[in-house]
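# Residue-level structure breakdown
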2 protein chains.
Amino acid sequence: MNDIQVMNHAADNIRILAASMVEKAKSGHPGGAMGGADFINVLFSEYMVWDPTDPTWTGRDRFFLDPGHMSPMLYSALTLQGRFTLDEIQELRQWGSPCPGHPELDVVRGIENSSGPLGQGHAMAAGAAVAEKFLEARLGSTMMQHTIYAYISDGAVQEEISQGVGRLAGVLGLNNLIMFYDSNDIQLSTECNEVMQEDTAAKYRAMNWNVIEINGSDVAQIRKALDAAKQEQERPTLIIGKTVMGKGALKADGSSYEHNVKTHGAPLGDGAYVNTIKHLGGNPENPFVIFDDVKKLYADRAEELKAIVAKRKAAEVAWAKENPALKAQMDEWFSGKAPKVDWSKVEQKEGSATRAASAACLAELAKQVPNMICASADLSNSDKTDGFLKQTHALKKGDFSGAFFQAGVAELTMADMCIGMMLHGGVIAAMGTFFVFSDYMKPAVRIAALMGVPVKFIWTHDAFRVGEDGPTHEPVEQEAQIRLMEKLQNHKGQDSVRVFRPADADETTVCWAMAMENTDTPTALILSRQGIAKLPAGNNYEEARKGAYIVAGSDENPDVILVASGSEVSTLESGCEALRRDGIKVRVVSAPSEGLFRRQSAEYQEAVLPYNVKKFGMTAGLPCTLEGLVGIGPNSKVFGMKSFGFSAPYKVLDEKLGYTGENVYNQVKEFLNR
Amino acid sequence: MNDIQVMNHAADNIRILAASMVEKAKSGHPGGAMGGADFINVLFSEYMVWDPTDPTWTGRDRFFLDPGHMSPMLYSALTLQGRFTLDEIQELRQWGSPCPGHPELDVVRGIENSSGPLGQGHAMAAGAAVAEKFLEARLGSTMMQHTIYAYISDGAVQEEISQGVGRLAGVLGLNNLIMFYDSNDIQLSTECNEVMQEDTAAKYRAMNWNVIEINGSDVAQIRKALDAAKQEQERPTLIIGKTVMGKGALKADGSSYEHNVKTHGAPLGDGAYVNTIKHLGGNPENPFVIFDDVKKLYADRAEELKAIVAKRKAAEVAWAKENPALKAQMDEWFSGKAPKVDWSKVEQKEGSATRAASAACLAELAKQVPNMICASADLSNSDKTDGFLKQTHALKKGDFSGAFFQAGVAELTMADMCIGMMLHGGVIAAMGTFFVFSDYMKPAVRIAALMGVPVKFIWTHDAFRVGEDGPTHEPVEQEAQIRLMEKLQNHKGQDSVRVFRPADADETTVCWAMAMENTDTPTALILSRQGIAKLPAGNNYEEARKGAYIVAGSDENPDVILVASGSEVSTLESGCEALRRDGIKVRVVSAPSEGLFRRQSAEYQEAVLPYNVKKFGMTAGLPCTLEGLVGIGPNSKVFGMKSFGFSAPYKVLDEKLGYTGENVYNQVKEFLNR
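As the structure is a computational prediction, the values presented were derived from the model and not from experiment.

### Examining helix α17 (residues 438-451) of chain B
Residues and elements named next belong to chain B. Here α17 spans 19 Å end to end across 14 residues, near enough to the 20 Å set by a 1.5 Å rise per residue. Along its length, α17 reaches its greatest deviation from straightness, about 35 degrees, at A444. The buried fraction of α17 is high, at 14 of 14 residues. Remark: G452 follows α17 within two positions and exhibits a positive phi of approximately 70 degrees.

### Comments concerning the pairing of strand β14 (residues 586-590) of chain A
Along any regular strand, the residues point their side chains to alternate faces of the sheet. Residue and element names in this part refer to chain A. For β14, the tally of buried residues reaches five of five residues, placing the bulk of the element in the interior. Residues V586, V588 and S590 of β14 are buried on one face, and the alternating residues R587 and V589, pointing to the opposite face, are buried as well. When strand β12 (residues 549-550) meets β14, the two strands line up antiparallel, connected through two bridges. Note on β14: the bridge partner recorded for I550 is V589. Across five bridges, the pairing between strand β13 (residues 560-564) and β14 is parallel. By the bridge assignment, I561 is partnered in β14 with R587. Between β13 and its parallel partner β14, the chain crosses via helix α20 (residues 568-581), and the hand of that crossover is right-handed.

### Description of the relation of the copies chain A and chain B
The operation relating chain A to chain B is a screw motion whose rotation component is 180 degrees, with 0.0 Å of axial translation and a residual RMSD of 0.0 Å. Such a combination of turn and shift is consistent with a two-fold rotation axis. Both copies share a contact surface, since 100% of the interface residues of chain A are interface residues in chain B too.

### Some points on the interface of chain A and chain B
In this assembly, 105 residues from chain A lie in contact with 105 residues from chain B. Roughly 8,700 Å² of surface becomes buried between chain A and chain B when both sides are summed, with 59% attributable to carbon and sulfur atoms. Among the residues chain A hides against chain B, the three largest losses belong to W95, E160 and F644 of chain A. Together they make up 10% of the total. Taken together, the links from chain A to chain B amount to eight salt bridges. Here K442 of chain A makes a salt bridge to D439 of chain B, at a shortest N to O gap of 3.1 Å. At the boundary of chain A and chain B, one finds 50 residue pairs in polar contact (both at pLDDT 80 or more). A total of eight residues in the side of chain A that touches chain B trace back to one element, the largest contributor, which is helix α17 (residues 438-451) of chain A. In terms of residue class, the side of chain A that touches chain B is built from 46 nonpolar, 37 polar and 22 charged.

### Observations concerning the UniProt feature "domain: Transketolase-like pyrimidine-binding" (unreviewed entry) in chain A
In this structure's numbering, the residues bearing the UniProt feature "domain: Transketolase-like pyrimidine-binding" (unreviewed entry) are residues 352-534 of chain A. Taken as a whole, residues 352-534 of chain A contains 40% helix and 15% strand, while its terminal C-alpha atoms sit 8 Å from one another.

### Examining the domain arrangement of chain A
All names here are of chain A. Domain assignment breaks chain A into domain 1 (3-304), domain 2 (343-526) and domain 3 (544-673). Relative placement of domain 1 and domain 2: their C-alpha centres are 32 Å apart. Each side of the interface is counted separately: domain 1 has 36 residues, and domain 2 has 35 residues. Taken together, domain 1 and domain 2 are joined by one salt bridge. Between K397 and E234 there is a salt bridge, and its shortest N-O distance comes to 3.6 Å.

### Focus: the nonpolar core
As a rule of thumb, nonpolar side chains are buried together in soluble globular proteins. Core analysis: the biggest nonpolar cluster contains 327 residues, and F405, W512 and L562 of chain A together with F405, W512 and L562 of chain B have the highest contact counts within it. Every residue in contact with W512 of chain A, bar those within four places of it in the chain, is listed here: W343, S358, C361, L362, L365, M372, A430, K456, I458 and L525 of chain A.

### Quick notes on the pattern of salt bridges
Residue and element names in this part refer to chain A. Counting across every chain of the model gives 92 salt bridges over all chains. When the shortest N-O distance is used, the salt bridge between K327 and D331 registers 2.8 Å. Of this pair, K327 and D331 are both found in helix α12 (residues 324-335), four residues apart, which corresponds to roughly one turn of the helix. K327 sits in the partly exposed class, given a relative accessible area of 25%. R483 serves as the salt-bridge partner of E486, at 3.4 Å between the closest nitrogen and oxygen. Of the two residues, E486 and R483 are both situated in helix α18 (residues 478-487); the distance of three residues between them amounts to about one turn of the helix. Each of D462, R465, E479, R483, E486, D495, R498, R501, E568, R599 and D654 takes part in a single network of salt bridges with overlapping partners.

### Some thoughts on the confidence of the model for chain A
On average, chain A scores 97 in pLDDT, and the residues at 70 or more come to 100%. Reported confidences for the modelled complex are a pTM of 0.98 and an ipTM of 0.97.

### Here's the deal with helix α10 (residues 270-279) of chain A
Residues and elements named next belong to chain A. Within α10, burial applies to A272, Y273, T276 and I277. Angularly, the buried residues of α10 cover 125 degrees about the axis, an arc narrow enough to put them on a single face. Turned more than 90 degrees away from the buried face of α10 sit D270 and K278, all of them exposed. Here the buried face of α10 lies against α1 (3-25) and α2 (30-47). G281 sits one or two positions beyond α10 and adopts a positive phi of about 90 degrees.

### Re the packing of helix α1 (residues 3-25) of chain B against helix α11 (residues 292-322) of chain B
Residues and elements named next belong to chain B. In contact at an axis separation of 9 Å, α1 and α11 are set at 105 degrees when each is read in the N-to-C sense. Here α1 lies roughly perpendicular to α11, going by the angle between them. Packed against α1, whose contacting residues are V6, M7, H9, A10 and N13, the element α11 presents D293, V294 and L297 at the interface. Residues that form the contact of α1 with α11 fall into these classes: five nonpolar, two polar and one charged.

### Re unusual backbone geometry
In this model, N557 of chain A sits at a positive phi of 40 degrees, which is unusual for a non-glycine residue. At K384 of chain B, a residue that is not glycine, the phi angle is positive and equals roughly 65 degrees. Mapping K384 of chain B onto the fold places it in the loop between α14 (380-383) and α15 (386-389).

Criteria and thresholds
Residues numbered from 1 in each chain as written. Chains lettered and ligands numbered in written order. Predicted model: local features only at pLDDT ≥ 70, side-chain atom pairs only at ≥ 80, totals over all residues. Heavy atoms only, no water. Helix = DSSP H or I, 4+ residues; strand = E, 2+ residues; numbered from the N terminus. Expected span 1.5 Å × (residues − 1). Bend = angle between axes of the 7 residues up to and from the residue. Buried < 20%, exposed > 50% of the residue type's maximum accessible area, 1.4 Å probe, protein only. Pairing = 2+ DSSP bridges. Right-handed = clockwise from strand over helix to strand, strands pointing away. Least-squares fit on C-alpha atoms with pLDDT ≥ 70 in both. Contact = heavy atoms within 4.5 Å. Buried area = accessible area lost by both parts, 1.4 Å probe. Salt bridge = Lys/Arg side-chain N within 4 Å of Asp/Glu carboxyl O. Polar contact = N/O pair within 3.5 Å; in protein donor to acceptor, adjacent residues only side chain to side chain. Nonpolar A, V, L, I, M, F, W, Y, C, P; charged D, E, K, R; others polar. UniProt positions renumbered as here; feature names shortened; annotations may be inferred. Domains from an automatic or database assignment. Core = buried A, V, L, I, M, F, W, Y, C linked by side-chain atoms within 4.5 Å. pLDDT = per-residue confidence, 0-100. Arc of directions from axis to C-beta. Axes fitted to C-alpha atoms, helices over the stretch in contact; angles between N-to-C directions. Parallel < 35°, antiparallel > 145°, perpendicular 65-115°, else oblique.

Following this line, the structure appears as structure tokens:
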């Protein structure tokens, strides 16, 4: 067999494995996997640089799969690379298998991202490309010369997020990003042309991409495209490869099963399966085999890689010798450990908004954490990420010396790109926008939570006190909503997101410290637009590390415990004097994180919120936001927002809606008297 | 003054009013409003067709504002049209004002959509354009000859959703959609070119739009573009108008304040304000004035409109005479009343999945409700909206005789377009996708809830029983998340979204009936992928109309009440026999809608879930999903999912995760014994 024949044989091998694992699982997506086999084979057997002996090597090329339902293609190709066994892929979609239906982050095996919800994977790839350029600007090109590959399908091109990725990768000139668009004209419900009739090449060219159009099943064309893409100096590359859904598939009657919607999301089915495997040169009785010539192809590539990697690693060693300080820094950055931060440098102004307090923290982080990137979706001067920006400058095409990522108005893209930066490794990413727009980001929050990527969400304008901008900009249900992610555990048993809503400027500093120390999960900071009175003198803010704690000045043996997070804590405080004047003993509890509080000892929890003491909660969110802490029943009452907010100055809203010390007094009195 | 001078004077008048109302409110966005004044003036004084005596006339042109922060421009232009008073606009952003910071739906005054979150407004416009074509296909062009105008800014072009709108408006050939892009090169945090360097015209042309590039401040060019757009027969039109942020603004020192980021989101400020108003020909001491020539311009237009509308309405009357049945149908469609549906025609198969049960309902709706449009985001054969599709066909460019909207993979766009269809009036829109992807749709759910648009969300694959597709496709927190919208009230005091998760096929029919009867708020239906055993014989499914009810076969004076929604009800049932064998008296409560249940009388609620009886809940969501019904404390226990799901066949997951009758028995026994 000549070279091309071997390559096609390898692609057929991938098709056989992919179709067979789906058939065995009685569930899955064979058609797309079979169509993409040619490209993935060329990429994996000839282009991807990685170290089989050191699969987490920082210099490895990264491959981000966007359409997670094409996992059979990825698992098959990784099997040819020796990263899955033939036994393992036969467990596709089974309990405990390393081959779940959609790929789940597993860098050692070559899975750089969890995927499934279409579109997010290629945004993560773009983020990884940003991270590489950011690190190259700091460490030099010896250490950062790898390529970020992304693989997308029609779904990603249709998904809204492709607009954000297309725009930003173009603006930033991410020439280290090579994206293959597996264009097979078929999707789940219809042929693509029912829902997409566009000149995709022209669309991406309009966004400053290098676009190459090829036959995506043709080895020579794939090679040529990848070679050209690797040479591109200015722009990200999109290779549009026309492929064939279900390539090589036959129906039970022996006719072609190619280009058929039915092969998208279900096993080929008995007769069709047998005919297809035979047609591809496999044995339906024993399909889980790697052909000898294919074994040799990948063994030869492994040998090649030894030489390539040895050379690269020798250069890295030489660089490290010349740059010991940088090397130490790089190692620390890639360790994923929390950076050392001297929080005593943060100067907080009494009474400031917690968004401003966050800006004070960000200013120090910009100074002290050189591998941190902060982003904003066109709100830096409102979400106060400009505290960070003022210490640096924005990332620009050709100049990644800055550390601020201006994402424009595209919250979901920003989130997924920041997640991709951290998946790349070596950087810490934070991002800001208005809290109400966390709604746009939820799909990214969820996948970051599933993967355990410790990005930092900075969500400001946390309640109706947004004021004049009105109900579309005023979060109500969002705090309860995002705290659901504190109740949802990841597969390590950790709260999948850590959520803080600090009560004043100084508590913000402690929450930011915890955010930076959290290297396991995403952290969300929910921050006020308006200034907040400082908690009583003597408050021990370090207590915030327990998630909820007794605020200074609280009475012993309280008649009632007042519970809140964020600015409502100081609203509660403003009602205490009147209550005490009536002889009522009051404890105030600040609860920046219910989830963290529930991780404390039962004794501590009972000490702060004893079961038998009456509890009154106040929240600018829905009442249920606090029900987990305050309880439900006759000994519990939560005063919260029941409806959307309103457009008016926030002090007017405080009065109209009852967020005043006077109303705290009235509500608590009524509660105690009932 | 010649014509152009008057037009420019009118635009200056809009600028003066816009800047002045922001100045008076001490809050708002003057810059964009001032830049867009020229276009809006031409549109409102020369093109928009509406009936001042009948502002909700079905034949009116519709104007959808996307950037809600440009409300001062809209309010000013509507003031020139006589739809706001000069007094009212002075109350911009104040409590109770008809001029909230971002416009809120108010058709009588010319506000066709609530706006604020960028991008959604133009998606609604595209949906309205679909609705018009759908109705034109049924009623003819006499009744449906109006134009849908959309107004977007840089934010909408950047937002991810522009990809979905661009694609779908192009595919569907929405030539009745004319979109003006106010391109002023400035956004909140930066100049646009920091985050957007694209050939927007080429991008939209690649998506089959008619693109016209003009100077957006030039009256003649605006007219020419609108004339050309009105003539377009095949494609939606995008008019890209280069405009000047803060047009006509001067700083305190008298120098130009144009093209300055600072005019985006804050009042101009004392000196700048005074200089600007003077420069524009206004009186800073008395700025809230309509110039005489401008009054005349709009008065003349009102006269013109009388003639235009009279002619159109005469044609409508003639048409109605010739088509009395159609006219009656049209009136019913536009009444917004719930359609009459004979639900007895729905045949449910025992044991079917509730998604299949939904398909049975949808099939009847397709037959019985001729003004209903059903959509799917490329999942029609999985979310079973194909029950509807099989009775009709998809909407296509040039052929809107079908009633199925194939949205492709773009959940948010689908949602906002469906909302826009209903804002247009005359149609009922439903849409399907996987429940986990409700995350993508949350921003649209929220704005539909705020506006009270009764779209129907069909969310299938409701829990970990998605099975093999794994955690990215398995909802956990989503039910609790979306039920927050049941707890959040709209400004009429209604639960802002009605959420149903029916327990079996027959309960699905009742829930679908309630969904169709709900003309006040969006309704969500959360449906199972897997088959569900029918509830016990004799169950009175009409009881589901109370939100939660006692399932047939329950014991009197129960020792424990088992509570669930969806398929967990039958899982609870499967544990009952063993419990009863132990002499335990058991009541089972199916709770498809907690929100609806809480709207029942206190007596009914206490009768179904008496406070003093122990309650055990089972949910495939987070335990907190049921805490509102089951309670928190020693008499309450909820068995639910604590973590993300897993990839495995769902029956394996049922066993592994404890969703079996056996485990119901064990859990309840342990609960009762503790």
